[in-house]
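# A structural walkthrough
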Amino acid sequence: MPQMPALSQIDLPQPSLWTPPEGAGIFSSSFFMQLCPALAGAGAAVLLASFFFLLLQEPKLDVPYPNGKYDARDAEAFFAERPGALLFRTADLFRLGLRFGVQLLLDWRFGRIDQNQPKRAKELTRLLTDCGATFIKIGQALSIRTDLLSPAYIESLSELQDRVPAFSNAQAFETIRKELRLPSKSPDTAGEMPECFTELSAKPVAAASLGQVYRARLRDSGLEVAVKVQRPGVLEAVALDMYLIRMAAVFAKRTFGWINTDLVAAVDEWALRFVDELDYELEAQSAINFREQIAITPLAKVVCAPRPVLEYSSKRVLTAEWVQGQRLDAASNSKGDVGKLCSVGLTAYLTMLLETGTLHCDPHPGNLLVTDDGQLCILDWGLTTKVEGELQITFLEHIAHLTSRDYPAIPGDLVRLGFVPEAQQAAIAQAGVAEVLGTLYAQLAGGGGAKKIDVTEVARTMTGLTQNYGNMFQLPAYFLYVLRAFTVLEGIGLQNDPDYSIVDQCLPYITQRLVTDNSPRSRAALRSFVSSAAATGGNARQVDGNRALLLVSGLSDYNAATLGLNAPSGEDEDAVTIAAKLVLDARGNPLQSLLLEETARAADALVRDMAVRVDELLERSGPAARVLDPLGAWGMMRQLLVKEEEDEEMLRGVAAIFATFEEGREGDAALPPARSSAQHAAGSHAGKPPPRPAPSSGLSPEVRNKLAQQVWEQRAGAGMLAQRLAARMLLRASERLGRLSEPGVVDGKARDEFVVVLASLGKTATALTAAQLAAFSKYEEEDEVPTRR
């Protein structure tokens, strides 16, 4: 066997792009070999010298945000003078995170995940605490997600809600003196109570990510108050973390171009609200605004916020009246249960989102108290976000579609809400997308949070959508804090009820809003809520009896929420009372208008159907028909009562409603009480309407008595209702006659000129009469009528 040559003996070609000619002076390879190390060393020395020069240079900017508001450019200029802070913070976060990640990896490798959960939960809590305020906020949001984390993690992370390690009293009291412009103390007496108080707790009663709270009593008024003091240096720490996160967002957006979401804008929105949370003067104003806004809603007696004491507050110290109560998650041992309070809380947050426009975004259990008199008190108004009017009504439409399981309307909602980029708006309308989204939303609406969702199926479905249409979805920057608020609320509900469905718990507020909001888009959302194409078997939508009952059930639950925990027994209104008050409301309401319109359409269709039957009878009568109609008047009248396809669909809808009531003939003879939202949650998970209740075609004496009582109490409204119905029917007749008032061809024959003239006269007469009746039925505010709802 031949011997292989040594590697040194092999003549390998030397890689070179260009070989300088011999005697090329400075271009010789030996010169470059000597020069390159020198250049590299010089470059490294320059970079190192520049870095140390920046470290030693006196910074020109003292604060990250000179104007007191978040500004990414101000933060960039501030930290450009502090490269050392960026380097050390990055290294510190990497060190802390890497250690915990390696421990989790080892637990997984050796099968000790479950065994070490309590230990790892405590380590994660310490890790988030060591990382500072930004990461404590993340831990607070996770601390109530029982559908995502095990009980060990939930128990440990809940300490981040109000039991974060406190800073010293001396630091806190010095901050109080400085902010309230009280006489300063010497270092030996810095721990003494500030002079404006007669009492002050020896240690904080609560300590959170941004500050800690003392219980005190004011010297001048004797008012018992809570005094919140901001942590020293927290603004600079938050600014540093947000700057690093923004840098990571810029890198991620450039690296992963397929991400539609504007990550930088999302981080800027987060940082904007986060920095505002550090301004306690803004927090005090937000609390004052909420108190004023909630006072004019039906929730005025069941939801509140502490009253700020402005003369003892500043940007870093907030003083507010002391509220005696206990945390929401401990309220099951007091006057009510957590379930009812969660319903009250969600109704309050929907009121903020869709009505007042200022949403409290930090609703963890440490910020939700149940007062001794049964009210739900919302604390800590630092973290809020604004929701503008156009966005509010779009959210209202979207949530109405969700609660009524109207999933085909969801893609359009997502486009209007900004969850679909403009380039993908055509794809979202493609066949199959609505069905896929409907299945996903049905799982979300089914209750139980994330743990009840088939994650594998959802991932497969979303992957299929992405492959067929590209990445269609994005997260709008404004939605970040809206998502946070309602995710935390859902977590609180899931702690109390593993099958809690936040979608169904939105029903009470949504139904109340739909029947009281007269704006055109809200009225359209109401029609969408109570109608469906399934009622007619065609494409047209008509009032669905099941959805109408669902609407009444939501109103009943809203009434219960506004009564709170102290409602007298039996105070809740049942379906009969609520439905009667809505229908007989003298002032009128959107639901009454919708029902009157549908009733007029149904009466019109029934009359035209009867005309067809009479016509068929006359045809079968043969010569006898001339005896019954010697002048041929019926022939003229028959041309004015032509039945069209919309009449057929309306008749099918009416038949479906009667069939619904016929199903209950053998059941209870009384109308059922309004179903609760929890019962509504039992609806189909496949996007179909919830199970149909079984009302009866016959009414029990009890129901008849209730109806008679309501008609008597609402008698002023009953008279106006009759006039409004007559006006609607005449207006409907005018619309139909208007179609016949122009020459045309019917069944291949030219329309009779006499019929055209007759239709024109009828159109004018009915329109004028309808307008007169509508004027008579207008409610005057000074008239005395029964109170609505």
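Just above, that's the structure.
Described below are features of the structure shown in this document. On a predicted model such as this, the values are computed, not experimentally measured, just so you know. (Residues numbered from 1 in each chain as written. Predicted model: local features only at pLDDT ≥ 70, side-chain atom pairs only at ≥ 80, totals over all residues. Heavy atoms only, no water.)

### A few points about the nonpolar core
Core analysis: the biggest nonpolar cluster contains 103 residues, and Val303, Leu354, Leu359, Phe486 and Ile510 have the highest contact counts within it. Of all the elements, helix α12 (residues 338-356) adds the most residues to this core, at 11 residues. Not counting residues within four places of it along the chain, the set of residues in contact with Val303 comprises Phe290, Ile294, Val344, Ala348, Gln375, Leu376 and Ile378. (Core = buried A, V, L, I, M, F, W, Y, C linked by side-chain atoms within 4.5 Å. Buried < 20%, exposed > 50% of the residue type's maximum accessible area, 1.4 Å probe, protein only. Helix = DSSP H or I, 4+ residues; strand = E, 2+ residues; numbered from the N terminus. Contact = heavy atoms within 4.5 Å.)

### Quick notes on a nonpolar patch on the surface
A grouping of Phe94, Leu98, Val102, Leu106 and Phe110 is seen on the molecular surface, where their side chains present a nonpolar patch of about 500 Å² in accessible area. The partly exposed category is assigned to Leu98, whose relative accessible area is 44%. (Patch = residues over 30% accessible without salt bridge, like charges linked within 9 Å, V, L, I, M, F, W, Y side chains within 5 Å. Areas by Shrake-Rupley, 256 points an atom, 1.4 Å probe, with all protein chains shown as cover. Salt bridge = Lys/Arg side-chain N within 4 Å of Asp/Glu carboxyl O.)

### Some remarks on the sheet that holds strand β7 (residues 325-327)
Spatial strand order, β5-β10-β9-β7: 4 strands in an open sheet with mixed pairing. The sheet is open, and its two borders are formed by β5 (303-304) and β7, each paired with just one other strand. α12 contacts β5, β9 (368-371) and β10 (376-378) of the sheet and is inclined by roughly 45° relative to β10. (Pairing = 2+ DSSP bridges. Axes fitted to C-alpha atoms, helices over the stretch in contact; angles between N-to-C directions.)

### Digging into the pattern of salt bridges
Enumeration according to the criterion identifies 29 salt bridges in this entry. Asp241 is the partner of Arg89 in a salt bridge, and the nearest nitrogen-oxygen pair spans 2.8 Å. You can see Arg89 sitting in helix α3 (residues 83-109) and its partner Asp241 sitting in helix α9 (residues 234-255), a full 152 residues away along the chain. The exposure classification of Arg89 matches that of Asp241, with both residues buried. Here Arg120 ties to Glu123 by a salt bridge, and the two come within 2.9 Å at their closest N and O atoms. With a gap of 3 residues between them, Arg120 and Glu123 both fall in helix α4 (residues 117-131), about one helical turn apart. With respect to class, Arg120 is no different from Glu123; both count as buried. Within this structure, Arg89, Asp92, Arg95 and Asp241 form a network of salt bridges that share partners.

### Thoughts on helix α18 (residues 479-496)
End to end, α18 covers 26 Å across 18 residues, agreeing with the expected 26 Å (1.5 Å per residue, within 8%). Most of α18 sits inside the fold, with 13 of its 18 residues counted as buried. (Expected span 1.5 Å × (residues − 1).)

### Describing the packing of helix α5 (residues 133-142) against helix α10 (residues 263-277)
Put simply, α5 and α10 touch, their axes get as near as 12 Å, and they point 105° apart. Taken together, the axes of α5 and α10 are roughly perpendicular relative to one another. On α10, the residues that touch Ala133, Thr134 and Lys137 of α5 are Trp270, Phe274 and Glu277. Counted by class, the contact of α5 with α10 contains 3 nonpolar, 1 polar and 2 charged residues. (Parallel < 35°, antiparallel > 145°, perpendicular 65-115°, else oblique. Nonpolar A, V, L, I, M, F, W, Y, C, P; charged D, E, K, R; others polar.)

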